[in-house]
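# Structure assessment
The lines below spell out each chain.
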Amino acid sequence: MDFEAVRRRLLDERAQRQALAERLRREEADPVEASELSKVDQHQAELGTETFERERDLTALAIITDELADIELALRKLDDGSYGICEECGKPIGEERLAAKPWARLCIVDQARAEQAVRRR
Ligand SMILES: [Zn+2]
């Protein structure tokens with residue numbers, strides 16, 4: 001595996017997500033938009049759309065924040081030599097899976113198991 005290429009990709013993905021998170025937080029904190037929302041003459045349907053978009057942005061921000069944490073972890077693993085090893089079973093995660101998601105923490109088997117456990121909750 002080309003660890004330098006992986007590191008560059010992770011840094012690139014991190015930069016993209018940081019920029020996006022920054023933009024979403026700015027929109028969230030924008031007081032102009034908040035005052036727009038309180039205008040009495042605003043149509044109810046538009047209000048619903050605004051609320052939906054706000055919730056969608058918050059969901060996106062939560063996903064991006066999670067991914068950023070995983071990317072940071074992957075970068076630390078590159079440094080300590082544990083990159084590409086499944087956290088559950090200790091086997092290699094597999095290059096194909098890492099190519100699709102370079103910050104993957106689990107192999108495909110353990111990932112499926114973890115997702116099933118979440119659904120059962
Ligand atoms: Zn595993």
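I will try to describe carefully the structure that is included in this document. In this text, all values refer to a predicted model and were calculated from it rather than measured experimentally.

How each quantity is defined
- Residues numbered from 1 in each chain as written.
- Predicted model: local features only at pLDDT ≥ 70, side-chain atom pairs only at ≥ 80, totals over all residues.
- Helix = DSSP H or I, 4+ residues; strand = E, 2+ residues; numbered from the N terminus.
- Buried ≥ 20, exposed ≤ 12 C-beta atoms within 10 Å, placed from the backbone.
- Contact = placed C-beta atoms within 7 Å.
- Expected span 1.5 Å × (residues − 1).
- Core = buried A, V, L, I, M, F, W, Y, C linked by C-beta atoms within 7 Å.

A few words on the overall build of the protein. When its secondary structure is counted, the protein shows five helices and zero strands. Listed N to C, the secondary structure of the protein is α-α-α-α-α in terms of helices and strands. The 121 residues of the protein split such that 8% are buried. At a minimum sequence separation of 6, the contacts of the protein that also span at least 24 residues come to 58%.

Turning our eyes to something else, we now look at helix H5 (residues 108-120). Between its terminal C-alpha atoms H5 stretches 19 Å, which fits the 18 Å expected from 13 residues at 1.5 Å a residue. The element H5 is barely covered by neighbouring structure, given that only zero of its 13 residues are classed as buried.

We now examine the nonpolar core. Core analysis: the biggest nonpolar cluster contains six residues, these being Val-6, Leu-10, Ile-71, Ala-74, Tyr-83 and Trp-103. When contributions to this core are tallied by element, the ones reaching two or more residues are helix H1 (3-29) and helix H3 (44-80).

What follows covers the environment of Ile-63. You can see Ile-63 is positioned in helix H3. Assessed through the 12 C-beta atoms surrounding it within 10 Å, Ile-63 is described here as exposed. Counting along the chain gives 46 residues from Ile-63 to Arg-17, while the straight-line C-alpha distance between them is 9.9 Å.

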